[in-house]
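Understanding the architecture of this molecule
As a plain string of letters, each chain reads:
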Amino acid sequence: MAADPRFFPAGSALTLAEAAAAAGGELVGGDPALRITGVGPLQSAGATEVSFLDNRRYLPLLADSRAAAIVLAPELLARLPEGRVAIVTKQAYLGFGRIARALHPVAPPRPGIHPTAAIDAAAQIGAGVEVGPFAVIEAGAEIGEGCIIGPHAVVGAGVVLGEGCRIGAHASLSHCIAGRFVVLHPGARVGQEGFGFAVTPEGRFETMPQLGRVLLEDFVEIGANACVDRGSQSDTVLGAGTRLDNLVQIGHNVSTGKGCVLVAHVGIAGSTRLGNGVQMGGQSGVAGHVEIGDRVQVAAQSGVMSDVGPGEIVGGSPAWPMRETLRAFAALRKLAGRPAAKPAP
Amino acid sequence: MAADPRFFPAGSALTLAEAAAAAGGELVGGDPALRITGVGPLQSAGATEVSFLDNRRYLPLLADSRAAAIVLAPELLARLPEGRVAIVTKQAYLGFGRIARALHPVAPPRPGIHPTAAIDAAAQIGAGVEVGPFAVIEAGAEIGEGCIIGPHAVVGAGVVLGEGCRIGAHASLSHCIAGRFVVLHPGARVGQEGFGFAVTPEGRFETMPQLGRVLLEDFVEIGANACVDRGSQSDTVLGAGTRLDNLVQIGHNVSTGKGCVLVAHVGIAGSTRLGNGVQMGGQSGVAGHVEIGDRVQVAAQSGVMSDVGPGEIVGGSPAWPMRETLRAFAALRKLAGRPAAKPAP
Amino acid sequence: MAADPRFFPAGSALTLAEAAAAAGGELVGGDPALRITGVGPLQSAGATEVSFLDNRRYLPLLADSRAAAIVLAPELLARLPEGRVAIVTKQAYLGFGRIARALHPVAPPRPGIHPTAAIDAAAQIGAGVEVGPFAVIEAGAEIGEGCIIGPHAVVGAGVVLGEGCRIGAHASLSHCIAGRFVVLHPGARVGQEGFGFAVTPEGRFETMPQLGRVLLEDFVEIGANACVDRGSQSDTVLGAGTRLDNLVQIGHNVSTGKGCVLVAHVGIAGSTRLGNGVQMGGQSGVAGHVEIGDRVQVAAQSGVMSDVGPGEIVGGSPAWPMRETLRAFAALRKLAGRPAAKPAP
C-alpha cells in the first residue's frame, strides 16, 4: 500500500542502494539501482516498496511478500526465501523507519501567522513560526524558532516553547516551560490546576493553590487528550525524550526521568517520581508519593502501590514482582481446575 | 419528566395508537386517541407520557407509575397491574426508542456556513451542510451532503466525510476517510499520529513515520474525547456501525468488524484485530497484535493478552474464559475465608 | 521555591503573625513581624516562605528545612527540631492552603467580552463576566454574574451557568444547568449524548434519544478532558461540591450525592447512584444500575459490580469488602510461595 497522496506528499524516490544506506544496513541481493517509491507491511508492499520484519509472528508472510526488499536482522536472514531481497541491519525497525522518513520527510513549518489567530501584543514569536487558524497566544508567551502552533491551540500567558515545538489542534498549555522539539498531539492538556484540596471542619472542599509549573524537557511528546497537571508547590517534570500515549494522566508534582514510555490510559498520582527509562503498559497506574527506579517495567493494567527498585519488572493489581504474580496466576488457575499454563505476560 | 423545552423542542404530539404503531407494538388497554406528549422513566412519567420496562429490577415501579402506557415485552404483560396500559412488543427498548424519536426527531442541519468559519478555498462543501462558528476545513477536504460540522471542529487536509456526518464541537480529524452518517462527539480525536517509535543505539527514540489513514465505515460513532490513531503503514479501520464510548483509545493499525461496541476507557493496542459484533466492557483492554473473533464478549476491566476464538466470553486480567475466571474468584474467596458466592460477572 | 512570577503575580506579603491567623493556628517561636513572601515544600522553602507537614513520610525533611515556619498538627509539634518555627493547627493542610491563598488570591474575572467571541444575540450575559477569544455562547444561554468563559469554550443553546462559574479553555457544555461557582477545567465535556442505543431485528444499532440534562450543583468541579453525559430520560446529576479529576467518565442518568471525590480515569456506568461523600480511587469503576451508599470508599483500580452499603470500604476487581480482598491477596501471595506481607492498600 502506497501512502495516500491526499495525506502524504509523494516522497522523493530513493534507489535500493540509497535505502540500504539510509537504514545503515547491507543490501543482500536485488538491483541497487531499483527505484523505491514507498514502504509497506509484508502482505501489501508492492514491487517498488520496502517492508520489514522484526516480529517472528509474521515470518509466514515472508514467502508471499512482493516487497522490493525486506529490512531484517542478521539472525533472520536465514529465514529469507530463495530469491527475496533483504536489507540487513541489527536495528531492523529503526532502519526501516529511517527509509520511511527519507521517503516522507517531516513537513517543515509554513512560516506565517493565520489572519484569524489571536496573538497578544506582549507575546514573542520566533523566526519561521507557523500559527494556525484561531490559535491563541497570550501575553508574555515566548514561541521558539520554527514552532508549529496548530489550529485552535491555546498557549497561555508566560508559557515558553523552545525551538521546533509542534502543538496540535485544540491543545492547551498554561504555566509551562517547554524545551526544544516538544510535541503535543491534538487535545493534550498541559499546566492546568492539579487535583488538590483540603477539607474544612464543615466538610467543604477548599482548593489548594496550585503554584507550581510544568517543565517539559527536550523531545518530550504528549499524546492526544492526555493531561499533565502543573505542580502544587514544586513543579511537574517530564524528562527529556519521555513519551506519553493518548489519554494518559500525570498528577501534580510528578517527575519522570529521561526516556520514559507511558502507554494509553496510564495514570500517575501526585508527587510520584519515575526514574530514567521507565516503561508502563496500557491502563496501568502508580499511587501517589511513590518512587519508581530506573528502567522499571510495569505490566499493562498493573497497580503499583509502593516503591519499586531499579530494573524490576512488576505486574498485577496490586503489583508484585512479575515472577511472583505469574506464579500466583498459575496457582489460581489450578484452583480453578484448569491445567497450568503460562499466563499472558 | 417532560424533556426540557430549553434543550428539546416540543415534539409533534402522537396519539397512543400512533405511538403503538411507531413501536411496532400492540396497544393493550387505554384510549387509542389519547394524545402523548413525551416519554419518561416509570417513576416520573406523567399521564400523557409513555414509559418502558425491560429490566426486571424495576418491576416494583410498575404499581405506582402514572405513565399513559408502558412499552414491554409479551412475557412481562402478566406483571402489569390491573388497569394499566401497555404497548406490547418483542423489542420493548427499541420500540420505546422509536416512540421517543417520533416525538423528538433529530434536528436537521441548518444549512449555511458561519461567517467566522475558516474554510480553505480548495475544500469541497456539499449541499445543505451546516458549518458552525470557528470551524476549520482545510485544503482538499470533502464534506458530504447534509453534514453538520460543529463549532471549533477541525477537518484536516484531504479528509473525506460522506453524507450526513455529524462532527461535534472541538472534534478533530486528519488523515481520515469517513463513510455516511458517521458521528464524532465533542473532543473526539481521529487520525493523529500513532504511538510508534524506534530506539537508536544511543537510546534515543525516533518517531516511526505514521503513513496510514483512519477508515470509518458508515454509521460509526466515536465518543467524546475518544482517540483513534491513524495507521503506521496499513490503515486503522472501524467497521460499519461500530460505536466507541467516551475516552476510548484505538491504537494504530487496529481494525474492527461491523457493529462492535467498546465501552468507556477501553484501550486497544496497535495492530490488533476485532471481528464483527465484539463487545468490550468499560476499562477493559486488548494487547497489541492479537486476534479477537466475532461476537466475543470481554468483561469490564479485563485484560486480553492473546487470541480469543469466535463467540467466547472472557474476563479477568489476564483474561481467561469467563467460567474459569469465575471459578478462580470463587476459590480465592474461599481462601479468604468467605462463604462462596457468585462473584459479580 | 517561590512561585514563578511569569505565572503567579507576586502575592501581597503577610507577616508571620498574619500567616498564623490565616491558618487559624498558633505561632510557636519565630518573629511575628517577619514578612512572608511565599510558600513551598519542606526541602525547598526559603527563609521567608512557609511550608507544611502532614505526611509522616516526610518527617526526616524537617531537620534541614529552611522554611520561615512549618504548619503542622499539635501531635507533630514534638518532632519539630530545636529552634525551628511552627504554626500549629489541627488542620495543617487546610491552614497551609489558606496561607497560600492569602499570598496568591484567585485572579478575579477581567470583565469584558473578547472581540473575537461569538455570542448569540439571544444569550444573556451577567454583570462582570469575562469571555475569552473565540468563545461561543449559543442562543438562550444564561451566564451568571462574574463567570469566566475561557478561550474556545462552547456554551451550548439554553445552558445556564450560575454566579462565578469558571469554564476552562476548549471546554464544552450543552443540555446543562449549572449552579454557582462550578468549575470546568480545559477540555471537559458536559451534556453530550449518552451511550444508549437499541438493536434492531436486523442487528443495526439505533440511537436512543437522550432527552435528559446534566445538573451540576454549586461548587462542582470537573477535571480536564473529563466527560459527563446528559441523561436519557432522567437527568445526570453531580451533587454540590463533587469533584471529578481529569479523564473521568460519567454515564447517562448517573447521580452523585454531595462532596464525592472521583480520581482520574474513574468510570461510572449508566443509571448508577452514588451517595454523599463517596470516594473512588484512580482507574476504579462502577457497573450500571448500582447503588453506592454514603461515604463508601472504593480502592484504586477496583470494579464495583453490585450495591455497596453506607460506609463500606471495597477493593479488588470484582470489588469485595476490603478486608476480604486483602485476605485473598495474602492467601494468593502464599500460594505463590511468597512470605505473607501486607498487600498495598
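- In the annotation of an unreviewed UniProt entry, the entry for chain A reads UDP-3-O-acylglucosamine N-acyltransferase, and the organism field reads Falsiroseomonas frigidaquae.
- In its Function (unreviewed entry) section, UniProt records this for chain A: "Catalyzes the N-acylation of UDP-3-O-acylglucosamine using 3-hydroxyacyl-ACP as the acyl donor. Is involved in the biosynthesis of lipid A, a phosphorylated glycolipid that anchors the lipopolysaccharide to the outer membrane of the cell."

1. So, the overall build of chain A
- The helix and strand tally for chain A stands at 3 helices and 39 strands.
- Evaluated residue by residue, chain A yields a buried proportion of 60% over its 345 residues.
- Pairs at least 24 apart in sequence give 19% of the contacts found in chain A among residues at least 6 apart.
- Summed over its atoms, the accessible surface of chain A is roughly 12,600 Å², and 55% of this surface lies on carbon and sulfur atoms.
- A distance of 9 Å separates the average location of the 27 positive side-chain charges in chain A from that of its 29 negative side-chain charges.

2. Here's the deal with the sheet that holds strand E20 (residues 183-184) of chain C
Residue and element names in this part refer to chain C.
- Read from one edge of the open sheet, 12 strands run E8-E11-E14-E17-E20-E25-E28-E30-E33-E36-E38-E39, paired in mixed fashion. Because the sheet does not close on itself, it has two edges, and the strands there are strand E8 (112-113) and strand E39 (320-321).
- For strand E33 (residues 279-280) and strand E36 (residues 297-298), the ladder comprises 2 bridges, and the chain directions are parallel. When the bridges of E36 are listed, Gln-279 appears paired with Gln-297.

3. Concerning the interface of chain A and chain C
- Facing 75 residues of chain A, the contacting portion of chain C comprises 60 residues.
- Counting the surface chain A buries against chain C, the share from its top three residues, Phe195(A), Leu211(A) and Gln233(A), is 14%.
- For the pair chain A and chain C, the number of links is 3 salt bridges.
- Across the contact surface, chain A and chain C share 20 residue pairs in polar contact (both at pLDDT 80 or more).
- Taken together, the elements giving at least two residues each to the side of chain A that touches chain C come down to strand E19 (176-178), strand E22 (197-199), strand E23 (205-207), strand E39 (320-321) and helix H3 (322-335) of chain A.
- Counting residues per element, the side of chain A that touches chain C draws most heavily on H3(A), which supplies 6 residues.
- Grouping the constituent residues of the side of chain A that touches chain C by class yields 35 nonpolar, 27 polar and 13 charged.

4. Description of the interface of chain B and chain A
- Taken together, the 75 residues of chain B in the interface contact 60 residues of chain A.
- When residues of chain B are sorted by the area they lose upon contact with chain A, Phe195(B), Leu211(B) and Gln233(B) head the list and together hold 14% of the total.
- Across the chain B-chain A interface, the total number found is 3 salt bridges.
- Glu206(B) is the salt-bridge partner of Arg98(A), the closest N and O atoms lying 2.5 Å from each other.
- Between the two partners, chain B and chain A, sit 20 residue pairs in polar contact (both at pLDDT 80 or more).
- Ranked by the residues each element gives to the side of chain B that touches chain A, the list is headed by helix H3 (residues 322-335) of chain B, at 6 residues.
- Residue composition of the side of chain B that touches chain A, grouped by class: 35 nonpolar, 27 polar and 13 charged.

5. A word on the pairing of strand E5 (residues 49-52) of chain C
Residues and elements named next belong to chain C.
- Burial of the side chains of E5 extends over both faces: Glu-49 and Ser-51 are buried on one face and Val-50 and Phe-52 on the other.
- Pairing geometry for strand E4 (residues 38-39) and E5, over 2 bridges, is parallel. Residue pairing in the sheet places Gly-38 in a bridge with Glu-49 of E5.
- The pairing of E5 with strand E6 (residues 69-72) spans 3 bridges and is classified as parallel. Directly across from Phe-52, in E6, lies its bridge partner Val-71.

6. Let's talk about the packing of aromatic side chains
- Overall, the coordinates contain 18 aromatic pairs over all chains when judged by the stated rule.
- On the basis of an interplanar angle of 40 degrees and a centroid distance of 5.4 Å, the ring pair of Phe52(B) and Tyr93(B) is categorised as tilted. Highlighted residues: Phe52(B) in strand E5 (residues 49-52) and Tyr93(B) in helix H2 (residues 92-103), separated in sequence by 41 residues.
- The class for Phe52(B) is buried, based on a relative accessible area of 16%.
- An aromatic cluster of three or more residues is present, and its members are Phe52(A), Tyr93(A) and Phe96(A).

7. With respect to empty space enclosed by the protein
- All told, the structure shown has 3 cavities of 30 Å³ or more when counted by the stated rule.
- Its boundaries defined by the atoms lining it, the largest cavity holds a volume of some 110 Å³.
- For the largest cavity, the lining is made up of 15 residues, of which His185(A), Glu221(A), Glu193(B), Gly194(B) and Phe195(B) are closest to its centre.
- Looking at the lining of the largest cavity, the elements that each hand over two or more residues are strand E25 (221-222) and strand E28 (243-244) of chain A.
- Per-class residue counts for the lining of the largest cavity are 4 nonpolar, 6 polar and 5 charged.

8. As for the relation of the copies chain B and chain A
- Here chain B sits on chain A after a turn of 120 degrees about the axis and a move of 0.0 Å along it, with an RMSD of 0.0 Å. In symmetry terms, the pair is related by a three-fold rotation axis.
- Little of the interface of chain B is mirrored in chain A, where only 16% of its interface residues are also at the interface.

9. Details of the sheet that holds strand E39 (residues 320-321) of chain B
- The strand order E8-E11-E14-E17-E20-E25-E28-E30-E33-E36-E38-E39 (chain B) describes an open sheet built from 12 strands, whose pairing is mixed. Edge positions in the sheet fall to strand E8 (112-113) and E39 of chain B, since each of these pairs with one other strand and no more.

10. Here's the deal with the domain arrangement of chain A
- Splitting chain A by domain gives domain 1 (14-103) and domain 2 (171-345).
- For domain 1 of chain A and domain 2 of chain A, the distance between their C-alpha centres works out to 36 Å.

11. Some points on the relation of the copies chain A and chain C
- Laying chain A over chain C is done by rotating through 120 degrees and shifting 0.0 Å along the axis; what remains is an RMSD of 0.0 Å.
- The share of interface residues of chain A whose copies in chain C are also at the interface is only 16%, consistent with the copies meeting through different surfaces.

12. Digging into the pattern of salt bridges
- In this structure the tally under the stated criterion is 33 salt bridges over all chains.
- A salt bridge links Asp4(C) to Arg213(A); the shortest N-O distance between them is 3.1 Å. Of the two residues, Asp4(C) is situated in the segment before strand E1 (14-15) and Arg213(A) in the loop between E23 and strand E24 (214-216); the pairing between them involves two chains.
- Judged by its relative accessible area of 8%, Asp4(C) is buried.
- The salt bridge partner of Arg180(C) is Asp218(C), with a shortest N-O separation of 3.5 Å. Placement of Arg180(C) in the loop between strand E19 (176-178) and E20 and of Asp218(C) in the loop between strand E24 (214-216) and strand E25 (221-222) is noted, with a sequence separation of 38 residues between them.
- Three or more residues joined by partner-sharing salt bridges are found here, namely Asp4(A), Arg6(A), Arg213(B) and Asp235(B).

Conventions used here
Residues numbered from 1 in each chain as written. Chains lettered and ligands numbered in written order. Predicted model: local features only at pLDDT ≥ 70, side-chain atom pairs only at ≥ 80, totals over all residues. Heavy atoms only, no water. UniProt positions renumbered as here; feature names shortened; annotations may be inferred. Helix = DSSP H or I, 4+ residues; strand = E, 2+ residues; numbered from the N terminus. Buried < 20%, exposed > 50% of the residue type's maximum accessible area, 1.4 Å probe, protein only. Contact = heavy atoms within 4.5 Å. Areas by Shrake-Rupley, 256 points an atom, 1.4 Å probe, with all protein chains shown as cover. Lys, Arg positive; Asp, Glu negative; His and termini not counted. Charge placed at Lys NZ, Arg CZ, Asp CG, Glu CD. Pairing = 2+ DSSP bridges. Buried area = accessible area lost by both parts, 1.4 Å probe. Salt bridge = Lys/Arg side-chain N within 4 Å of Asp/Glu carboxyl O. Polar contact = N/O pair within 3.5 Å; in protein donor to acceptor, adjacent residues only side chain to side chain. Nonpolar A, V, L, I, M, F, W, Y, C, P; charged D, E, K, R; others polar. Phe/Tyr/Trp six-rings, centres within 6.5 Å; stacked < 30°, edge-to-face > 60°. 1 Å grid on protein atoms, 1.4 Å probe; cavity = no way out; pocket = protein on both sides within 12 Å on 5 of 7 lines; lining within 4 Å. Points joined across faces, edges and corners; volume = space filled by probe spheres on them. Least-squares fit on C-alpha atoms with pLDDT ≥ 70 in both. Domains from an automatic or database assignment.

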